[in-house]
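Observations on the model geometry
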Amino acid sequence: KKRGTLLKEAPQAYGLAGEPHYYFIHAYNCVYECEYCYLQGYFNSPDIVLFINHDEIGAKIIETCLLHKEITDGGKKIWFHAGEFSDSLALSHLSNELPYYFSLFKDLPQAILELRTKSANIKELLKLEPLENIITSFSLSPEQRIKKTDLKTPPLKARLKCLKELQDAGFPIAIHLD
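For the structure given in this document, a descriptive report is provided here.

Rules used throughout
- Note that residues are indexed from 1 along each chain, following the sequence as it is written.
- Local features in this predicted model are restricted to residues of pLDDT 70 or higher, and side-chain atom pairs are both shown and tallied only at a pLDDT of 80 or more, whereas totals for entire chains, interfaces and linings draw on every residue.
- The basis for every side-chain value is the complete set of non-hydrogen atoms in the structure, without hydrogens or water.
- Stacked, tilted and edge-to-face pairs are distinguished by plane angle, under 30 degrees for stacked and over 60 for edge-to-face with tilted covering the rest, among Phe, Tyr and Trp rings (Trp via its six-membered ring) whose centres lie within 6.5 Å.
- In this text, helices come from DSSP runs of H or I with a minimum length of four residues, and strands from runs of E with a minimum of two, each type numbered from the N-terminal end.
- Only protein chains enter the area calculation, which uses a 1.4 Å probe; residues under 20% of their type maximum are buried, those over 50% are exposed, and those in between are partly exposed.
- To estimate the expected span of a helix, subtract one from its residue number and multiply by 1.5 Å.
- By definition, the arc is the one covered by directions from the helix axis to the C-beta atoms.
- Two strands pair if DSSP finds at least two bridges between them.
- Put simply, a nonpolar core is a bunch of buried Ala, Val, Leu, Ile, Met, Phe, Trp, Tyr and Cys residues held in one set by side-chain atoms that sit within 4.5 Å of each other.
- It only takes one pair of heavy atoms within 4.5 Å for two residues to be counted as in contact.
- Note on method: axes are straight lines fitted to C-alpha atoms, helices fitted across the in-contact stretch only, with angles between N-to-C directions ranging 0 to 180 degrees.

**Examining the packing of aromatic side chains**
- Taken as a whole and judged by the stated rule, the model has eight aromatic pairs.
- Seen from their ring centres, tyrosine 22 and phenylalanine 80 are 6.0 Å apart, and the 25 degrees between their planes marks the pair as stacked. On the criterion of sequence distance, the pair formed by tyrosine 22 in strand E2 (residues 21–24) and phenylalanine 80 in strand E6 (residues 78–82) is long-range, its members being 58 residues apart.
- Residue classification places tyrosine 22 among the buried positions, given a relative accessible area of 13%.
- You can call phenylalanine 80 buried: its relative accessible area is 0%.
- Note on tyrosine 23 and phenylalanine 85: the rings are 6.2 Å apart at their centroids and 70 degrees apart in plane angle, and the pair reads as edge-to-face. Note that tyrosine 23 is positioned in strand E2 and phenylalanine 85 in the loop between E6 and helix H4 (92–95), a separation of 62 residues in sequence.

Next comes the structure, spelled out in structure tokens:
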């Protein structure tokens with residue numbers, strides 16, 4: 001179980017000004033070995049940890065939405081990001097957390113969930129009904145940069161194929177250019 005702070009306020013660089021941004025930690029460490037990533041030395045252990053207390057994280061998300069009711073009543077959204085300390089899709093076939101978050105955010109139209117990824121593992125997403133307030137956000141770089149520094153990540157063509165598949169299936173997508 002994830003202990004301590006379950007939800008953290010995100011830096012302003014995370015998104016739209018004037019809208020609150022938070023991230024939650026669903027896992028520690030990453031299967032990918034991007035040379036520039038701070039996760040390469042951030043934790044005391046290289047082990048991957050998948051947290052299982054999604055109901056507690058979900059309760060904190062609901063509580064945070066209620067704290068920002070005046071903002072969302074004014075038409076703005078509150079953002080939640082997954083993928084700060086681990087790729088949000090790479091191990092989704094093992095964690096089985098996506099159905100929980102889709103169910104949670106279906107009842108939180110004032111909130112947006114961004115799933116940050118470099119993964120081509122979209123099988124679990126495609127089993128779910130797309131929601132307009134859950135965005136899958138892919139990090140992209142030129143292929144030669146991916147080969148040189150984004151070690152063990154899917155190639156650019158695989159990520160672009162996944163973007164197209166998700167978009168064709170009705171899932172909102174976004175792109176981060178690294």
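**A closer look at helix H2 (residues 54–67)**
- Relative to the 20 Å expected for 14 residues at 1.5 Å per residue, H2 spans 20 Å between its end C-alpha atoms, a close match to the ideal helical length.
- Along H2, the residues that are buried comprise His54, Ile57, Gly58, Ile61, Thr64 and Cys65. End-on, the buried residues of H2 take up no more than an arc of 120 degrees, which puts them together on one face. Across from the buried face of H2, at angles greater than 90 degrees, the exposed residues are Asp55, Leu66 and Leu67.

**Some thoughts on the pairing of strand E7 (residues 111–117)**
- Of all seven residues in E7, seven are buried, a share of seventy percent or more.
- Neither face of E7 is open: one carries Ala111, Leu113, Leu115 and Thr117, the other Ile112, Glu114 and Arg116, and all of them are buried.
- Strand direction decides the pairing type here: E6 and E7, joined by five bridges, are parallel. The residue bridging alanine 82 from the neighbouring strand is leucine 115, located in E7.
- Across five bridges, E7 lies against strand E8 (residues 134–140) in parallel orientation. Counted as the bridge partner of leucine 115 is threonine 136 from E8.

**Here we look at the nonpolar core**
- Membership of the largest hydrophobic core comes to 33 residues, with the highest contact counts inside it found for Phe24, Ile61, Phe80, Phe105 and Leu113.
- At the level of elements, E2, H2, E6, helix H5 (98–106), E7, E8 and helix H8 (156–168) are the ones that each hand at least two residues to this core.
- Broken down by element, this core gets its largest block of residues, five residues, from H5.
- Other than its neighbours up to four places away in sequence, leucine 113 contacts Phe24, Phe80, Ala82, Tyr101, Phe105, Asn133, Ile134 and Ile135.

**Focus on the sheet that holds E8**
- On the basis of which strands lie adjacent, the open sheet formed by six strands has the order E1-E2-E6-E7-E8-E10 and mixed pairing. Of all the strands in the sheet, the pair left with one neighbour each is strand E1 (7–9) and strand E10 (173–177). The average angle at which neighbouring strand axes cross in this sheet is 30 degrees, direction not considered.
- Sheet analysis places E1 next to E2, joined by three bridges and oriented antiparallel. Looking at the pairing, glutamate 9 lines up with tyrosine 22 of E2.
- Across the face of the sheet, H2 comes into contact with E1, E2, E6 and E7 while running at roughly 155 degrees to E6.
- The strands that H5 touches are E2, E6, E7 and E8; relative to E7, the one it contacts most, it runs at about 155 degrees.

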